[in-house]
Amino acid sequence: MSKASDRRDLFPGALEMMILQSLRMKPMHGYALVKHIKTVSDELLQVEEGSLYPALQRMLREGWLESETGISAKGRPTRIYKLTAAGLGRLEQEVSSFERMFAGINRVLAVSRS
């Protein structure tokens, strides 16, 4: 089976949920977020910049994140993203919704195995 056929798209809201959860730990810049998600998922999840930065912009507009100018580890100017109280509330909603969806999927799979 080829790598391309092993690839699955994330469900709606998954990227935002992972970004919010990652920023719950500490503020990060975009590249650090990409590395963090890849590392924590044991390289099962790869976030593309073409998906990450539009998501970050949407989340800034929604008030779930704040950003400030910082300096990267390599000494370059970068944008550091931080979770807001509204973002924490959104994360809790998304996690609850995901858990209900996952429970429903597990029920369907359990019946299928019977």
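Overview of the structure. None of these values were measured; they are calculated from a predicted model. (Residues numbered from 1 in each chain as written. Predicted model: local features only at pLDDT ≥ 70, side-chain atom pairs only at ≥ 80, totals over all residues. Heavy atoms only, no water.)

## Considering the pairing of strand 3 (residues 77-83)
Summarising the sheet, strand 1 (residues 28-29) and strand 3 pair through two bridges and their orientation is antiparallel. Note that in strand 3 the partner of methionine 28 across the bridge is tyrosine 81. As consecutive antiparallel partners, strand 2 (residues 65-71) and strand 3 are separated by five residues, and within that stretch glycine 75 has a phi angle of approximately 85 degrees, a positive value. (Pairing = 2+ DSSP bridges. Helix = DSSP H or I, 4+ residues; strand = E, 2+ residues; numbered from the N terminus.)

## Here we look at the pattern of salt bridges
This structure, assessed with the given rule, holds two salt bridges. With its nearest N and O atoms 2.7 Å apart, the salt bridge here joins glutamate 16 to arginine 58. You can see glutamate 16 sitting in helix 2 (residues 14-25) and its partner arginine 58 sitting in helix 4 (residues 49-62), a full 42 residues away along the chain. What makes glutamate 16 buried here is its relative accessible area of 16%. Taking the relative accessible area as the measure of exposure, arginine 58 reaches 37% and is therefore partly exposed. When the shortest N-O distance is used, the salt bridge between glutamate 94 and arginine 90 registers 2.7 Å. Of this pair, glutamate 94 and arginine 90 both sit in helix 5 (residues 85-113), four residues apart, which is roughly one turn of that helix. (Salt bridge = Lys/Arg side-chain N within 4 Å of Asp/Glu carboxyl O. Buried < 20%, exposed > 50% of the residue type's maximum accessible area, 1.4 Å probe, protein only.)

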